[in-house]
Amino acid sequence: MKTEIEIGNISKYRSAIMGIAMLFIIMFHIGMDHKYILWGLVKCGNVGVDIFLFLSGIGLWYSWTKKPNLKHFYWRRYLRIYPTWIIIAPLFYIPNYLYHAGYSRNVLDLIANITFNWSFWRIDDLTFWYVPAIMMMYMFAPAYMSLISKRPVYRWLPVVAIIFCFMQQYVAPINSLVGHVEIFWSRIPIFLLGINCGELVRQKRTIDKSSIWLLIILFMMSLLVCINFEMVWRGHYPQILERMNYIPLTVSLILLLVVVLDYAPKWLLKSFSFIGGISLEVYLLHAHFVIVQVNTLRLGFWLTFIITTLISVLAGWLLSKVVTYITDKITALYNKYSVR
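Here the structure is a predicted model, which means the values were calculated and not measured. (Residues numbered from 1 in each chain as written. Predicted model: local features only at pLDDT ≥ 70, side-chain atom pairs only at ≥ 80, totals over all residues. Heavy atoms only, no water.)

So, about the pattern of salt bridges. Side-chain pairing between opposite charges can occur once the charged atoms of the two side chains come close. Tallied over the entire structure, the rule returns six salt bridges. Put simply, arginine 105 and aspartate 109 hold a salt bridge, and the shortest N to O gap is 2.6 Å. The class of aspartate 109 is buried, set by a relative accessible area of 5%. The partner of arginine 202 in a salt bridge is glutamate 199, with the nearest N and O atoms 2.8 Å apart. Here glutamate 199 and arginine 202 lie together in helix H12 (residues 188-202), a separation of three residues that amounts to about one turn. Under the relative-accessibility criterion, arginine 202 is labelled partly exposed at 40%. Take glutamate 199: its relative accessible area is 15%, and that puts it in the buried class. Within the structure, one salt-bridge network assembled from shared partners comprises Arg105, Asp109 and Arg122. (Salt bridge = Lys/Arg side-chain N within 4 Å of Asp/Glu carboxyl O. Buried < 20%, exposed > 50% of the residue type's maximum accessible area, 1.4 Å probe, protein only. Helix = DSSP H or I, 4+ residues; strand = E, 2+ residues; numbered from the N terminus.)

Before going further, it helps to spend a moment on helix H9 (residues 157-170). In a regular helix each residue adds 1.5 Å, so 14 residues correspond to 20 Å; H9 covers 20 Å between its end C-alpha atoms and thus fits that length. Buried within H9 we find Pro158, Ala161, Cys165 and Gln168. Taken down its axis, H9 places every buried residue within 75° of arc, on the same side. (Expected span 1.5 Å × (residues − 1). Arc of directions from axis to C-beta.)

Turning our eyes to something else, we now look at a nonpolar patch on the surface. Side chains of Val153, Tyr154, Trp156, Val159, Ile163, Met167 and Val171 sit close together on the surface and give an oily, nonpolar patch of about 670 Å² of accessible area. Here methionine 167 is to be found in helix H9. (Patch = residues over 30% accessible without salt bridge, like charges linked within 9 Å, V, L, I, M, F, W, Y side chains within 5 Å. Areas by Shrake-Rupley, 256 points an atom, 1.4 Å probe, with all protein chains shown as cover.)

Bringing the nonpolar core into the picture now. Ranked by internal contacts, the top residues of the largest apolar core, which has 100 residues, are Ile10, Ile17, Ile134, Phe191 and Leu261. If you tally residues by element for this core, the top one is helix H14 (residues 239-261), at 13 residues. (Core = buried A, V, L, I, M, F, W, Y, C linked by side-chain atoms within 4.5 Å.)

Below, the discussion takes up the packing of helix H2 (residues 14-30) against H14. Axis separation between H2 and H14 bottoms out at 11 Å; the angle between their running directions is 120°. Between H2 and H14, the angle is such that the two are oblique. The hand of the H2/H14 crossing is right-handed. Note on element contacts: H14 touches H2 through Leu253, Ile254, Leu257, Val258 and Leu261, opposite Ala16, Ile17, Ile20 and Phe24. (Axes fitted to C-alpha atoms, helices over the stretch in contact; angles between N-to-C directions. Parallel < 35°, antiparallel > 145°, perpendicular 65-115°, else oblique. Left-handed = near helix turned anticlockwise from the far one by under 90°. Contact = heavy atoms within 4.5 Å.)

Okay, the side chain of serine 320 next. Tracing the backbone through its elements, the reader meets serine 320 in helix H17 (residues 301-339). A polar side-chain atom of serine 320 sits 2.6 Å from the main-chain carbonyl oxygen of tryptophan 317. Contact partners of serine 320, with chain neighbours within four places excluded, come to Ile278 and Glu281. (Polar contact = N/O pair within 3.5 Å; in protein donor to acceptor, adjacent residues only side chain to side chain.)

With that settled, consider unusual backbone geometry. Residues other than glycine seldom take positive phi values, yet aspartate 124 does so here, at roughly 60°. Position of aspartate 124 relative to the elements: it lies in the loop between helix H7 (118-123) and helix H8 (130-150). Look at aspartate 124 and you get partly exposed, because its relative accessible area is 25%. Phi is positive for arginine 298, close to 50°, though the residue is something other than glycine. In this fold, arginine 298 is placed in the loop between helix H16 (279-294) and H17.

Let us look at the side chain of glutamate 281. Topologically, glutamate 281 is positioned in helix H16. Overall, glutamate 281 belongs to the buried group, its relative accessible area being 2%. If we ignore the near neighbours within four places in the chain, the residues touching glutamate 281 are Arg80, Thr84, Gly316, Leu319 and Ser320.

Quick look at H14 now. The terminal C-alpha atoms of H14, which comprises 23 residues, lie 31 Å apart, in line with the 33 Å expected from a rise of 1.5 Å per residue. Where H14 bends most, at tyrosine 246, the angle is about 25°, and the proline proline 248 comes one to four residues later. Across the 23 residues that make up H14, a large majority, 18, are buried. (Bend = angle between axes of the 7 residues up to and from the residue.)

Right, dumping it as structure tokens:
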């Protein structure tokens, strides 16, 4: 093992870690019968979302320090997400509306759902919740990055975000107003922490190899808490408690993966990186278009997981090709008229 753990390798293995996180999320959405011993571990796959948000925060810091321009920032961020979203959203929400499934009360709701997933903010529709959540986080990210660049003391704001998470859960007026989107509030701390860690990654900081034991202890303790929540207390506690535990689980897991991936064969790294590179497309396709169909075959967890992953990755790759073609055309037009 190397004498130091290279924090900068989070950037090196970013796509691979995102690919692993996407596999966690697919497992989580497939689900497993409670009688199996791995059930609690599979249910912890939800932490894949937190991994995405932490890595996204790091990536935003890279982008912002390279070119701190709002127009450039928003253009790059939303061009990556929105074209893919606007292709997939109608495929779900229009049939949903026609069959009166409940997300869209009227045509205006339907348009709002297709445009920015209004039903997530209105009634906590979790269909594609990550997309409206991350787009909202992108909205305030430049303000936060500018603030901590000028006044580093505000890097403590993730702690404020954690306290607010408990406020929206337990302070009645706040809970009645915004408590229905707890899943959004409870993911803001890890997103801000990702931004905070961006500079450490950019400067390629290192930590002593002896800290590997601290990371293992932190990972095992937080994982044990999550598994215990799922196996014993599921349905009897506010989800925010487990999501707060996801924070140390996410950070320790990512740093441990950085160490492990240093020894991974190239073919495995390329496979994970390939999935990570189309993770947005796979995310939008796998649960509501693939799993629902594969589940009807009743093939069991692992076969369902393999088939779902293969179909979702293939479909995601094809979708990414279509989106890349569209965004290249849009970018060309944007560059043409922005020069003028």
